[in-house]
Amino acid sequence: MLRHILHPVSTAAGHTRRQLWVAASSADTCLAAAASQCTKTIAAAVRQKARDAASPATCFALVSQTYSAVEIDRLSANLTQQLAHATGQHCSISGTIVDQIIGSRGTAAGLSLLFHRPERGQSNHPFYIGDQHGRQRLREVAVGRWHTAATDRFKTQQAATTTWQPGSSSVTRAASHLELPPELQAINDPSAVHLVLFAADKETRQVLDALDARFPRAAKLGIVGAQTPFVNGREFTLLASSNHGNAIYESGVVGVAFSDATGGRELVPQVTYRGLVPVSDVLRIERCKGNVVLELEHGDRAHSLIAALRRPPTETGSATDTDGRLFARVLSTRDAHAALVFQVTGGNPAKGGLALDTLRDLSPGSFVQFMMLSRHQPEPQPSAGASGTQPQIHFGVAGGCRVACPRAGAQVVGAATEGGFCYGGPMPVDSPTVSDCGSVFSGSTECAVPGSTVTLTLE
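Residues numbered from 1 in each chain as written. Predicted model: local features only at pLDDT ≥ 70, side-chain atom pairs only at ≥ 80, totals over all residues. Heavy atoms only, no water.

1. Some points on the sheet that holds strand 8 (residues 122-129)
The strands making up a sheet associate through backbone hydrogen bonding, with each pair oriented either parallel or antiparallel. Counted only if it meets this: Between any two strands, pairing holds if DSSP finds at least two bridges. Runs of H or I in DSSP of at least four residues are treated as helices and runs of E of at least two as strands, each being numbered from the N terminus. Angles shown run from 0 to 180 degrees and are taken between the N-to-C directions of axes, each axis being a line fitted to C-alpha atoms and, for helices, limited to the stretch in contact. Residue contacts follow a heavy-atom distance rule, with two residues in contact if any of their heavy atoms lie within 4.5 Å.
Read across the open sheet, the six strands follow the order 8-13-9-10-24-25; overall the sheet is mixed. Two strands in the sheet have a free side with no partner beyond their single neighbour: strand 8 and strand 25 (445-447). For this sheet the average axis-to-axis angle between neighbouring strands, irrespective of direction, equals 15°. With six bridges joining them, strand 9 (residues 193-200) and strand 10 (residues 219-224) adopt parallel strand pairing. Bridge assignment links Ala200 to a residue of strand 10, and that residue is Val224. Together, strand 8, strand 9, strand 10, strand 13 (253-260), strand 24 (421-424) and strand 25 form the strand contacts of helix 4 (residues 205-214), whose direction differs from that of strand 25 by roughly 145°.

2. Let's talk about the pairing of strand 21 (residues 367-374)
To keep it simple, the criterion reads: Throughout this description, buried means an accessible area under 20% of the type-specific maximum (1.4 Å probe, protein chains only), exposed means over 50%, and partly exposed covers the range between.
Burial runs high along strand 21: eight of the eight residues are buried. Sheet analysis places strand 15 (residues 276-278) next to strand 21, joined by three bridges and oriented antiparallel. Looking across to strand 21, one finds that Val277 is bridged to Met372.

3. Observations regarding the pattern of salt bridges
Filter applied, for reference: Each reported salt bridge corresponds to a side-chain nitrogen of Lys or Arg within 4 Å of a carboxyl oxygen of Asp or Glu.
Within the structure shown, the criterion is met by 11 salt bridges. With a shortest N-O distance of 2.9 Å, Asp209 and Arg205 are connected by a salt bridge. Here Asp209 pairs with Arg205, and both are found in helix 4, just four residues apart, close to one helical turn. A residue is classified by how much of its surface remains accessible, and Asp209, at 23% relative accessible area, is partly exposed. Among the ionic pairs, Glu286 bridges to Arg284, the shortest N-O distance being 3.6 Å. Using a relative accessible area of 33% as the deciding quantity, one classes Glu286 as partly exposed.

4. As for the sheet that holds strand 11 (residues 238-242)
The mixed open sheet is built from six strands, whose spatial order is 2-7-3-4-11-12. Only two strands of the sheet have a single neighbouring strand rather than two, namely strand 2 (20-26) and strand 12 (245-249). Looking at each pair of strands side by side, their axes are set apart by 15° on average, direction ignored. Bridge analysis of strand 2 against strand 7 (residues 111-117) gives seven bridges, and the strand direction is antiparallel. Bridge pairing in strand 7 links Trp21 to His116. Taken strand by strand, helix 1 (residues 31-47) contacts strand 2, strand 3 (57-64) and strand 7, and its axis lies near 150° from that of strand 2.

5. Considerations on the environment of Gln37
On the secondary structure map, Gln37 appears in helix 1. You can call Gln37 partly exposed: its relative accessible area is 39%. Measuring from C-alpha to C-alpha, the distance between Gln37 and Leu111 comes to 9.8 Å, with 74 residues separating the pair along the chain. With sequence-adjacent residues up to four places away left out, Gln37 is seen in contact with Ser26 and Asp28.

6. Section: the packing of helix 1 against helix 2 (residues 69-87)
This is how the line gets drawn: By the definition adopted for this analysis, an angle is roughly parallel if under 35 degrees, roughly antiparallel if over 145, roughly perpendicular if from 65 to 115, and oblique otherwise. Whether a crossing is left-handed or right-handed is set by the direction in which the near helix is turned from the far one by less than a right angle, anticlockwise for left-handed and clockwise for right-handed.
At a minimum axis distance of 10 Å, the contact between helix 1 and helix 2 shows a crossing angle of 25°. In terms of their interaxial angle, helix 1 and helix 2 are classed as roughly parallel. By crossing handedness, the relation of helix 1 to helix 2 is classed as right-handed. Taken together, the residues of helix 2 that come into contact with helix 1 (itself represented by Leu31, Ala32, Ala35, Ser36, Thr39, Ile42, Ala43 and Val46) are Glu71, Ile72, Leu75, Leu79, Gln82, Leu83, Ala86 and Thr87.

7. Some remarks on the state of the cysteines
What counts here: We call a pair of cysteine sulfur atoms a disulfide when they lie within 2.5 Å.
Here the structure, examined in full by the defined rule, presents zero disulfides. Here Cys38 stays unpaired: no disulfide links it, and the sulfur of Cys59, its closest cysteine neighbor, is 8.2 Å away.

The structure is reproduced here in structure tokens:
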């Protein structure tokens, strides 16, 4: 089992009251009934704690695609009405459709909610980011992630100096046209934002970069929704409601930025990779361009990799009887404990060119170890994290692997999708900005490795 550990960075000493977070879930086959059950759980928790302020609350909703399109279309309105009646205050909704709901008892179909009511000095900022904000479809670019004029969907609206030069650079070096919406731009103290939670389609890279630049001290955590063309005809289904009404988007990013002017402990996501077995040594990257490895140390090492990939399962034994998909574990140093894992999406080991599933840049001098998913995986162990009264957010990647669930007794809001999740911890004060760096090791990360999970324990 591999873990990507994001270490907390130093922060000024401070104390904050425990915030009111409530996780609730239901596996009822009727979505209206599931929403009613979750609302009752939230109402009971709210009644136990006196209100400090009348700031609007927010609710993050994850719903499995087992429900009908009509039920899903009504969910935001139903939750808004029920929560307003149960808590006595307006509540905005953000969320998406997922493949599976994750709870402390396993994965299932159902509804999972995370409710947050701000106390004095705290506030919630719901937002939506779409193509109208200048977001580009970077994953429409070919395997090597090199830009072509056809992918620059805003080229006619921008000055010639801001457009990409076809074939000359990686998309990570492209000038971003993305502008965050007014709801996020209007936050007076970006350093007070400690968490950005969101649901999205698969085009999250530029949004993550913008959030890292605007809120460098915040943890970012997002889930890529399930594709829903066979549920309701939409590519994705992103739910949103606010004072302006209810909305359903089929692309973009919906979420909430949580701000706390009283300070407190920084939130750090913990990522775990399951079922990966090495098929190569740790190798130094000698040459690369963008997300493509062009040359590894010692040519014989590349041939050893090819031999390992062609080795029949009877030679490798049951522990490394793999499913054929190739992944790359990327490290900053040869013996680094923390690592990132990406799927290899193209290229030819014999020629030394391998493309990784990332829109960030690899760098010469970093290291890579190739891995595969074992078909013979042990029963997933409960993920790390506190149990009891501290709610957890728990996202996983479906797709051929069973996803580990939180420990029994934990309050959990969680889901798994084939699209995966995004995560990032607070960035050190002296770190280079994402736009200046573009490195795979800088800023927030996208993860779509089957069986991997991310857990964030809320304070």
